[in-house]
Amino acid sequence: MIRFILRRLVLAFAVFLIVVTVSFLLTRLSGDLAVSIAGPNATAEDVATVRARYGFDRPLPVQFAVWFGNLLHGDLGTSYLYREPVADLLAKRLPVTLTLGAVGLVLAVLVGVPLGIAAAVANGSVWDRLIGLVGLVGQAMPSFWLALLMMIWVGVYWQLLPISGLDDWQGYVMPGIVLAASSVPVLMRLTRAGMVEALASDYVRTARAKGLSWASVLLKHALRNAAMPVVTVAAVQFGFMLGGSVVIESIFALHGMGFLAWEAISKGDFAVVQAVVLLLATIFILLTLIADLLNALIDPRLRIA
Amino acid sequence: MSGRLTPSAKAALVIGGSVLGATVLLALLAPWIAPHDPFLQNLDQRLAPPFWAEGSLSGHPLGTDQLGRDYLSRLLYGARISLLIGAVTVILSGMIGVGLGMAGGYAGGWLDDAVMIVVTCRLSIPLILVALTVVALTGTSLVVVMLTLGLLLWERFAVVARTTTMQVRHREFIEAARLCGASLPHILLREVLPNILPHLVVVMTLELAIAILLEAALSFLGLGVPPPLPSWGLMIAEARDQMFFMPWVITIPGVALFTLVLAINILGDGLRDLVAGGHAR
């Protein structure tokens, strides 16, 4: 067990180091940043000043060392757009994005898992196919288009929910549904596959033979075994949703981290872009690490890997 | 193999295949069947509604956009962009992913560990954010979008190629080829690849759908295909100001996008059943 945990921690750390390097290189290797920061009307002198101020005139490895050193002290640089430390900006914006992601995940699980169970129980029937079709539709729906359609009909024509902003909890509902829509098919298919396998197994037949009620067998015996991969994938989906918030927050004008990133990208605020990429990647690494460790804790077979 | 196929898998292959085939055909024939030049502006005939709505113009069956360009013509040319970007992305990402996956799966050991670390890194990096950043810093163009997506969407190819390579690695025919003195490239390309190809084709359909959706999302956000090219995502973005008064301006390109992706996914499902059926025997 300790060997497994150590191995998994080393892997997570190696991935983190590579991701740190990538998020640094991402904004450095594509063009001259000093020119884009100085703006279209800048003289050569202005560009030189900017270059010196941000340290772009130094060799790349030195820039990286300085940036990484600051990073370890929790200093993510300064946003030139907001003239504010990036770390403070992120701290202000992250709660909105995390809440949105949580709403999306809860909705996706609440819809995807029961649909998956229903499809497994009705395996091979018309209902199974219908649920499969729902999954296909969800998978093919462009999320930005779904967002616009909901704004038109749910927001404006039927006046059920606000179309932008975050005056109260209602502002989270539409964006949450849109985020959930792309994850429902994934969770549904996985739940269905796990349940089909579990329902065909010997322990379910034994439990039925003992005279346990169908509901008890379904939820206590089968679902428990089918749930493990679902938990892992739900963690991964949560990570994807935080990434997808860039599109959704910019459409619904929710001032979270995705909106911040979107603004930073379109205006060349590279310190913010770097920090958001790094933060999202770190959250993803931690989520998958926790999911793997949890699974190993529950299922001893996995510890050998 | 087809004798063992379930009716629903057959239906999936036929429906998905014919919709995708029809879209490819329409895209190829766009210059001949489009009623107008998709770039031609006519400011006198802006925002004409489609044929089913009142006030539609003859000659513009799907209406016109905010610059008076024929919507049907732009839709047909837009299919070319979606399919072109999707196809190039899948070829590029397929080569990267299959190369990495086969190398790791066949060699095992430290090389396999390295491949898995690279795949995990790629999964950890937020996809849309990085794609947007790269396009923003290198400029919006068709080529940039294709390269960016191609360099980002290979991880599923890698995972599937790796697993399937591991499964065939110790089979007799590989062993036999090795004993006959076949070179490593020969074994990988002539012995391993044909055996894992069916699984890769399934991944290909999945990635094609994802690439088309991502291109539309990037173009929608203004960091994909540059105007005046008629990308479906860009058409939706350009029509956004009008959407509350004339929902069809975003419904038409959206339905086209949704239908194409749905057809590809249905085809992919059918192919998956076909591959699974072939192995069950």
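In this text, all values refer to a predicted model and were calculated from it rather than measured experimentally.

What counts, and at which threshold
Residues numbered from 1 in each chain as written. Chains lettered and ligands numbered in written order. Predicted model: local features only at pLDDT ≥ 70, side-chain atom pairs only at ≥ 80, totals over all residues. Heavy atoms only, no water. Helix = DSSP H or I, 4+ residues; strand = E, 2+ residues; numbered from the N terminus. Buried < 20%, exposed > 50% of the residue type's maximum accessible area, 1.4 Å probe, protein only. Contact = heavy atoms within 4.5 Å. Areas by Shrake-Rupley, 256 points an atom, 1.4 Å probe, with all protein chains shown as cover. Lys, Arg positive; Asp, Glu negative; His and termini not counted. Charge placed at Lys NZ, Arg CZ, Asp CG, Glu CD. Salt bridge = Lys/Arg side-chain N within 4 Å of Asp/Glu carboxyl O. Polar contact = N/O pair within 3.5 Å; in protein donor to acceptor, adjacent residues only side chain to side chain. Core = buried A, V, L, I, M, F, W, Y, C linked by side-chain atoms within 4.5 Å. Axes fitted to C-alpha atoms, helices over the stretch in contact; angles between N-to-C directions. Parallel < 35°, antiparallel > 145°, perpendicular 65-115°, else oblique. Left-handed = near helix turned anticlockwise from the far one by under 90°. Nonpolar A, V, L, I, M, F, W, Y, C, P; charged D, E, K, R; others polar. Patch = residues over 30% accessible without salt bridge, like charges linked within 9 Å, V, L, I, M, F, W, Y side chains within 5 Å. pLDDT = per-residue confidence, 0-100. Expected span 1.5 Å × (residues − 1). Arc of directions from axis to C-beta. Phe/Tyr/Trp six-rings, centres within 6.5 Å; stacked < 30°, edge-to-face > 60°.

Draft legend 1. Geometry of the overall build of chain A. Looking only at helices and strands, chain A features twelve helices and two strands. Beginning at the N terminus, the succession of helices and strands in chain A can be written as α-α-α-α-β-β-α-α-α-α-α-α-α-α. For chain A, the spread of C-alpha atoms along the principal axes amounts to about 85 × 60 × 30 Å. Considering chain A as a whole, with its 305 residues, one finds that 48% of them fall into the buried category. Across chain A, the fraction of contacts at a sequence separation of at least 24, relative to all contacts at a separation of at least 6, is 72%. Accessible surface computed for chain A: about 14,800 Å², of which carbon and sulfur atoms make up 68%. Separation between the mean location of the 21 positive side-chain charges and that of the 17 negative ones in chain A comes to 14 Å.

Draft legend 2. Quick look at the overall build of chain B. A count of helical and extended segments in chain B gives eleven helices and zero strands. Along chain B, helices (α) and strands (β) appear in the sequence α-α-α-α-α-α-α-α-α-α-α when read from the amino end. Principal axes of the C-alpha set define a box for chain B whose edges measure 75 × 50 × 30 Å. Looking at the 281 residues of chain B, the share that counts as buried comes to 51%. Within chain B, residue pairs in contact and separated by at least 24 positions form 74% of the contacts whose partners lie at least 6 positions apart. Total accessible area on chain B is roughly 12,200 Å²; 69% of this is exposed by carbon and sulfur atoms. When the 16 basic and 17 acidic side-chain charges of chain B are each reduced to a single mean position, those positions are 8 Å apart.

Draft legend 3. Spotlight on the interface of chain A and chain B. Between chain A and chain B, the contact holds 45 residues from the first and 43 residues from the second. The interface formed by chain A and chain B includes one salt bridge. A salt bridge links D269(B) to R189(A); its shortest N-O distance comes to 3.1 Å. Along the contact surface separating chain A from chain B lie four residue pairs in polar contact (both at pLDDT 80 or more). Of all the secondary-structure elements, those providing two or more residues to the side of chain A that touches chain B are α1 (2-28), α6 (126-140), α7 (143-157), α10 (214-252), α11 (257-267) and α12 (270-298) of chain A.

Draft legend 4. Representation of the pattern of salt bridges in the model. All names here are of chain B. Overall, the coordinates contain 14 salt bridges over all chains when judged by the stated rule. Note that R162 and D112 form a salt bridge whose closest N and O atoms lie 2.6 Å from each other. With R162 in helix α7 (residues 155-169) and D112 in helix α4 (residues 109-124), this pair connects stretches of sequence that are 50 residues apart. Here R162 and D112 have matching classes, each one buried. We note a salt bridge from D269 to R272, for which the minimum N-O separation is 2.7 Å. One end of the pair, D269, and the other, R272, are both in helix α11 (residues 248-280), three residues apart, so they sit about a helical turn from each other.

Draft legend 5. Up close: the nonpolar core. Of all hydrophobic cores here, the largest spans 154 residues; its most connected members are F144(A), I251(A), F252(A), V192(B) and I250(B). Looking at this core element by element, the count peaks at 17 residues for helix α9 (residues 184-220) of chain B. Ignoring sequence-local partners within four residues, the contact set of F144(A) consists of V247(A), I251(A), A216(B), A217(B), F220(B), G233(B), I236(B) and L257(B). One finds A34(A), V47(A), V50(A) and F270(A) within the second-largest nonpolar core, a separate group that totals five residues.

Draft legend 6. Structural detail: the packing of helix α5 (residues 86-121) of chain A against α10(A). Residues and elements named next belong to chain A. Following both chains from N to C, one finds α5 and α10 inclined at 140°, their axes separated by 8 Å at the closest point. The angle between α5 and α10 places the two elements in the oblique class. With respect to the hand of their crossing, α5 and α10 are arranged in right-handed fashion. Each of T97, L98, L100, G101, A102, G104, L105, A108, V113, I117 and V121 in α5 lies in contact with α10, whose residues at this interface are L218, L223, V230, A234, F238, M241, L242, S245 and E249. Partitioned by chemical class, the residues of the contact of α5 with α10 number 15 nonpolar, four polar and one charged.

Draft legend 7. Up close: the packing of α12(A) against helix α5 (residues 127-138) of chain B. For the pair α12(A) and α5(B), the least separation of the axes is 10 Å and the interaxial angle reads 155°. If you check the angle between α12(A) and α5(B), you find them roughly antiparallel. For the pair α12(A) and α5(B), the crossing hand works out as left-handed. In contact with V273(A), V276(A), V277(A) and L280(A) of α12(A), α5(B) contributes L129(B), V130(B) and T133(B). When grouped by side-chain class, the residues that make up the contact of α12(A) with α5(B) number six nonpolar, one polar and no charged.

Draft legend 8. Representation of a nonpolar patch on the surface within the structure. All names here are of chain B. A contiguous nonpolar surface patch, about 690 Å² in accessible area, is contributed by V24, L25, L26, L28, L29, W32 and I33. For the nonpolar patch, the secondary-structure elements that each account for two or more residues are α1 (7-28) and α2 (30-33). Per element, the largest residue contribution to the nonpolar patch is four residues, and it comes from α1. Summarising the element assignment, I33 is placed in helix α2.

Draft legend 9. Region of interest: the confidence of the model for chain A. Averaged over all residues, the pLDDT of chain A is 86; the fraction at 70 or higher stands at 96%. Per-element confidence in chain A ranges from a low mean pLDDT of 69 for helix α2 (residues 33-38) of chain A to a high of 94 for α5(A).

Draft legend 10. Region of interest: α1(B). All names here are of chain B. Taking 1.5 Å per residue, 22 residues should reach 32 Å; α1 reaches 31 Å between its end C-alpha atoms and fits that length. Among the residues making up α1, those that are buried are A9, A12, G16, L20, T23 and A27. Within α1, the buried residues cover an arc of 85° as seen down the axis, which keeps them to one side. α1 presents P7, V14, L25 and L28 as exposed residues on the side facing more than 90 degrees away from its buried surface.

Draft legend 11. Quick peek at unusual backbone geometry. Each neighbour pair has its own omega, and for P227(B) with P228(B) the value is 10°, a cis peptide bond. By secondary structure assignment, the location of P228(B) is in the loop between α9 and α10 (232-238). At A253(A), a position not held by glycine, the phi torsion is positive, near 50°. Residue position: A253(A) is located in the loop between α10 and α11.

Draft legend 12. Geometry of the packing of aromatic side chains. Residues and elements named next belong to chain A. Throughout the structure, instances matching the rule amount to ten aromatic pairs over all chains. Taking 5.0 Å as the distance between ring centres and 65° as the angle between the ring planes, the aromatic pair formed by F24 and F64 counts as edge-to-face. Of this pair, F24 sits in helix α1 while F64 sits in helix α4 (residues 60-72); the two residues are 40 residues apart in sequence, bridging distant segments of the chain. Summarising the aromatic geometry, the rings of F24 and W67 are spaced 5.4 Å apart at their centres and angled 40° between planes, so their arrangement reads as tilted. With F24 in helix α1 and W67 in helix α4, this residue pair connects regions lying 43 residues apart in the sequence. Relative accessible area serves as the criterion here: at 1%, F24 is assigned to the buried category. What makes W67 buried here is its relative accessible area of 10%. An aromatic cluster is built from F24, F64, W67 and F68, whose rings are joined through pairwise contacts.

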